[in-house]
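Residues per chain are reported as follows:
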Amino acid sequence: MTRLLLIGPPGAGKGTQAVRLSEAYGIPAISTGDIFRSNVRNQTELGTLAKGYIDAGDNVPDELTNALVRDRLAEDDAQHGFLLDGYPRTTDQVRALDAFLASHDTALDAVVELVADPEETVARLRKRASEQGRSDDNDDVVRHRLEVYARETAPLIDVYEGRSGLVKIDGLGTVDEVTDRIISALTGHGIAVPVR
Ligand code: ADP
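If you're wondering where the values come from, they're calculated on a predicted model, not measured in any experiment.

Focus on unusual backbone geometry
The phi torsion of most residues other than glycine is negative, and most of the peptide bonds are trans.
Phase 1 of the analysis: The omega angle of the peptide bond from Tyr 87 to Pro 88 is -5°, so this bond is cis rather than trans.
Phase 2 of the analysis: Inspection of the secondary structure assignment puts Pro 88 in the loop between strand 3 (81-85) and helix 5 (91-103).
Phase 3 of the analysis: Despite not being glycine, Asp 105 has its phi angle at roughly 50°, a positive value.
Phase 4 of the analysis: Turning to its location among the elements, Asp 105 is positioned in the loop between helix 5 and strand 4 (110-115).
Phase 5 of the analysis: Exposure remark for Asp 105: the relative accessible area of 77% places this residue in the exposed category.
Phase 6 of the analysis: Positive phi outside glycine occurs at Ser 164, with the angle close to 70°.
Phase 7 of the analysis: Classification of Ser 164 by relative accessible area gives exposed; the value is 58%.

Laid out in structure tokens, this is it:
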């Protein structure tokens, strides 16, 4: 039973690490960005509502996002732990997650902060833009996403730091190096990789 959050600026490599940690710990990686993008692709009602915000680099409104995560965390596969990637992103989302966890008599085991230099993250997002063509990876939108991160999300790091259980990880290096760093830091916090 491992419940983790992954927090860090756009381009820090959260999505990449989330997939690996999900495998290592045997828990689902729940990425709000991925869920929104798949809803946009499938032209669902949620996708239609979210698309404008995503393309502009703005946060999707908290109400929508909180409802989405609440539903996702209620699914069977999340009952034995989960890794949230890209959520919470605002103080309102922290409140909603706290309320959800409290009402299920549970708590987070750790919050992993991926620390990355803004120049490096912008370079990574540029590369991703040319490889994947994500609608929100062009320069203007990336700049805006970084501003939104600094204003809305970066303050959450202090919130979690104040509660203990925040694990700061240097996000520079190869994908494997970063994964190893996260796993050894979590092991140091008493969160072991299950033997399977
Ligand atoms: P990144 O971390 O690289 O910005 P994400 O895939 O996490 O990419 O998010 C892409 C977009 O999806 C965000 O810019 C935002 O519009 C929307 N989004 C994702 N997660 C949330 C969230 N928790 N709250 C509000 N909007 C979100």
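Moving on from the model shown.
So, the site of the ligand
Phase 1 of the analysis: Among the 19 residues in the neighbourhood of the ligand, the closest are listed as Thr 32, Arg 37, Asp 58, Gly 86 and Gln 93.
Phase 2 of the analysis: At a separation of 2.7 Å, a nitrogen atom of the ligand approaches a polar side-chain atom of Thr 32.
Phase 3 of the analysis: Between Arg 145 and the ligand, the recorded distance is 2.9 Å, taken from a side-chain N or O atom to an oxygen atom.
Phase 4 of the analysis: Burial of the ligand by the protein amounts to 96% of the accessible area it has alone, namely 550 Å².
Phase 5 of the analysis: Per element, the largest residue contribution to the shell around the ligand is four residues, and it comes from helix 2 (residues 32-41).
Phase 6 of the analysis: For the shell around the ligand, the per-class residue count stands at five nonpolar, six polar and eight charged.

Cut-offs used in this document
- Residues numbered from 1 in each chain as written.
- Predicted model: local features only at pLDDT ≥ 70, side-chain atom pairs only at ≥ 80, totals over all residues.
- Heavy atoms only, no water.
- Helix = DSSP H or I, 4+ residues; strand = E, 2+ residues; numbered from the N terminus.
- Buried < 20%, exposed > 50% of the residue type's maximum accessible area, 1.4 Å probe, protein only.
- Near = heavy atom within 4 Å.
- Polar contact = N/O pair within 3.5 Å; in protein donor to acceptor, adjacent residues only side chain to side chain.
- Areas by Shrake-Rupley, 256 points an atom, 1.4 Å probe, with all protein chains shown as cover.
- Nonpolar A, V, L, I, M, F, W, Y, C, P; charged D, E, K, R; others polar.

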